[in-house]
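Each chain, letter by letter, is given below.
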Amino acid sequence: MFSLSRPSQSEATKLDLSLEGGGPYLLLHPFPWDVNTTIMELLIMVYACKTSCAKSIIGVIPYFPYSKQCKMRKRGSIVSKLLASMMCKAGLTHLITMDLHQKEIQGFFNIPVDNLRASPFLLQYIQEEIPDYRNAVIVAKSPASAKRAQSFAERLRLGIAVIHGEAQDAESDLVDGRHSPPMVKSVAAIHPSLEIPMLIPKEKPPITVVGDVGGRIAIIVDDIIDDVDTFLAAAETLKERGAYKIFVMATHGLLSSDAPRLIEESAIDEVVVTNTIPHEIQKLQCPKIKTVDISMILSEAIRRIHNGESMSYLFRNIGLDD
């Protein structure tokens, strides 16, 4: 078994000296800020294990990078599928990860993928660290995260609220190819009846909160916290609707750019994330950021795979929509 935590390139190229015997090898790889360099290092390590006749190569990647780019937007690329293909091609035989942005990402791999859940640890934090959690309501900051909020609410026997109408990430329509080729009036122009109908653009409705949050603790749940603008807007909306405390809970705390400063200056009382991504610097900048340790479930998954035991125990009580 080999444990990896960001090696140098020279170490990666010398792996063939220490992998004699053809046993199973484990690559434990958290992704820090320099994601692209780390991906390349991981691929080199996996390939070095493969060329050194490793029987199996298990990658433990708590946060799968580029997981938000798992669907095609207009004619963009599906980067998470590319990354999955690269890992499989390099020689990875098994992947352990946590809370993929979309469960369908598992289908990008042609190897076994164990997508563990952090929700038991977050639920335990709510029950133990929020004294008056029975007076709370689980909030989805957008309809897209309503399923996750519903899962939390049903397990805690709490109500649910959904924020609808917040500003989405909009792309400029000025460079969408509408003028390629340039519009030229000619006799051979397409007949008006044969023109391709254009999709009617969406109109953002005013922000509304479906559900009662007045005099309640609002707990916003999501899988990733990166750009905090939408969370800040949701917190302001909840404050206006009467929520007296606001918590944000997520599995992966990327907290990039000036997110710690914005959180510190916002109406959010506490941001709770797991340690799938190192964020010690952000915690020093913002005392509101709290960490939940999920290493226990990762170590149990590693132990079970190493001993050839069933993994079903780690997925008990997980429904189809979880």
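A brief structural summary. None of these values were measured; they are calculated from a predicted model.

1. A word on the overall build of the chain
Here comes step 1: A count of helical and extended segments in the chain gives nine helices and 11 strands.
Here comes step 2: A sequence separation of at least 24 residues applies to 66% of the contacts in the chain between residues at least 6 apart.
Here comes step 3: Counting every atom, the chain has about 18,100 Å² of accessible surface; 56% of that belongs to carbon and sulfur.

2. Some remarks on the side chain of Ser-266
Here comes step 1: Residue placement: Ser-266 occurs in the loop between α7 (259–264) and β10 (270–274).
Here comes step 2: Classification of Ser-266 by relative accessible area gives buried; the value is 17%.
Here comes step 3: Sequence-distant contacts of Ser-266, defined by excluding residues within four places in its chain, comprise Leu-232 and Lys-288.

3. Some points on the packing of aromatic side chains
Here comes step 1: Counted under the stated rule, the structure contains one aromatic pair.
Here comes step 2: Relative to Phe-109, the ring of Phe-64 has its centre 5.6 Å away and its plane inclined at 70 degrees; by these criteria the two rings are edge-to-face. Here Phe-64 is found in the loop between β2 (56–61) and α3 (79–90), whereas its partner Phe-109 is found in the loop between β3 (94–98) and β4 (113–116), with 45 residues between them in sequence.
Here comes step 3: Residue classification places Phe-109 among the buried residues on the basis of a relative accessible area of 9%.
Here comes step 4: Here the basic side chain of Lys-141 rests over the ring of Phe-231, its NZ or CZ set 5.0 Å away from the ring centre.

4. Describing the pairing of strand β9 (residues 245–253)
Here comes step 1: A large share of β9 lies buried, amounting to eight of its nine residues.
Here comes step 2: Taken together, the eight bridges between strand β8 (residues 217–225) and β9 define a ladder with parallel strand orientation. Within the sheet, the bridge partner assigned to Ile-220 lies in β9 and is Val-248.
Here comes step 3: Taking the sense of rotation as the criterion, the β-α-β connection linking β8, helix α6 (residues 229–240) and β9 turns out right-handed.
Here comes step 4: As paired elements, β9 and β10 share four bridges and run parallel to each other. What sits directly across from Val-248, in β10, is Val-271.

5. Regarding the packing of helix α2 (residues 35–51) against α3
Here comes step 1: As a packed pair, α2 and α3 sit with axes 8 Å apart at the nearest point and diverge in direction by 25 degrees. Compared by their axis directions, α2 and α3 come out roughly parallel. Together, Ile-39, Leu-42, Leu-43, Val-46, Tyr-47 and Lys-50 of α2 and Leu-83, Met-86, Met-87, Lys-89 and Ala-90 of α3 make up the contact between the two elements.
Here comes step 2: When the residues that make up the contact of α2 with α3 are grouped by side-chain class, the tally is nine nonpolar, no polar and two charged.

6. Considering the pattern of salt bridges
Note that side chains of opposite charge can pair when their charged atoms are close.
Here comes step 1: Following the criterion strictly, the structure yields eight salt bridges and no others.
Here comes step 2: The partner of Arg-241 in a salt bridge is Glu-240, with the nearest N and O atoms 3.8 Å apart.
Here comes step 3: Assessed through its relative accessible area of 37%, Arg-241 is described here as partly exposed.
Here comes step 4: Classification of Glu-240 by relative accessible area gives exposed; the value is 62%.
Here comes step 5: Through salt bridges with shared partners, a single network forms among Glu-300, Arg-303, Arg-304 and Glu-309.

7. Some words on helix α5 (residues 146–156)
Because an α-helix completes one turn every 3.6 residues, residues spaced three or four positions apart along the sequence face the same direction.
Here comes step 1: Taken residue by residue, α5 has Ala-149, Ser-151, Phe-152, Ala-153 and Leu-156 as its buried positions.
Here comes step 2: In this fold, the buried residues of α5 make contact with α4 (119–129), β5 (136–140), β6 (159–164) and β8.
Here comes step 3: Of the residues one or two after α5, Arg-157 is the one with positive phi, at around 60 degrees.

8. Brief notes about the nonpolar core
Here comes step 1: Grouped together as the largest cluster of nonpolar side chains are 37 residues, with contacts concentrated most on Ile-96, Leu-116, Ile-126, Ile-138, Ile-219 and Met-249.
Here comes step 2: Ignoring sequence-local partners within four residues, the contact set of Leu-116 consists of Ile-96, Thr-97, Met-98, Asp-99, Ile-297, Leu-298, Ala-301, Leu-314 and Phe-315.

9. Some points on α4
Here comes step 1: Among all positions of α4, only Phe-121, Leu-122, Leu-123, Tyr-125 and Ile-126 are buried.
Here comes step 2: Turning to α4, the residues buried within the fold contact α5, β8, β9, β10, β11 (289–292) and α9 (295–306).

Rules and cut-offs
- Residues numbered from 1 in each chain as written.
- Predicted model: local features only at pLDDT ≥ 70, side-chain atom pairs only at ≥ 80, totals over all residues.
- Heavy atoms only, no water.
- Helix = DSSP H or I, 4+ residues; strand = E, 2+ residues; numbered from the N terminus.
- Contact = heavy atoms within 4.5 Å.
- Areas by Shrake-Rupley, 256 points an atom, 1.4 Å probe, with all protein chains shown as cover.
- Buried < 20%, exposed > 50% of the residue type's maximum accessible area, 1.4 Å probe, protein only.
- Phe/Tyr/Trp six-rings, centres within 6.5 Å; stacked < 30°, edge-to-face > 60°.
- Lys NZ or Arg CZ within 6 Å of the ring centre and 35° of its normal.
- Pairing = 2+ DSSP bridges.
- Right-handed = clockwise from strand over helix to strand, strands pointing away.
- Axes fitted to C-alpha atoms, helices over the stretch in contact; angles between N-to-C directions.
- Parallel < 35°, antiparallel > 145°, perpendicular 65-115°, else oblique.
- Nonpolar A, V, L, I, M, F, W, Y, C, P; charged D, E, K, R; others polar.
- Salt bridge = Lys/Arg side-chain N within 4 Å of Asp/Glu carboxyl O.
- Core = buried A, V, L, I, M, F, W, Y, C linked by side-chain atoms within 4.5 Å.

By themselves, these are just geometric observations and shouldn't be taken as functional.
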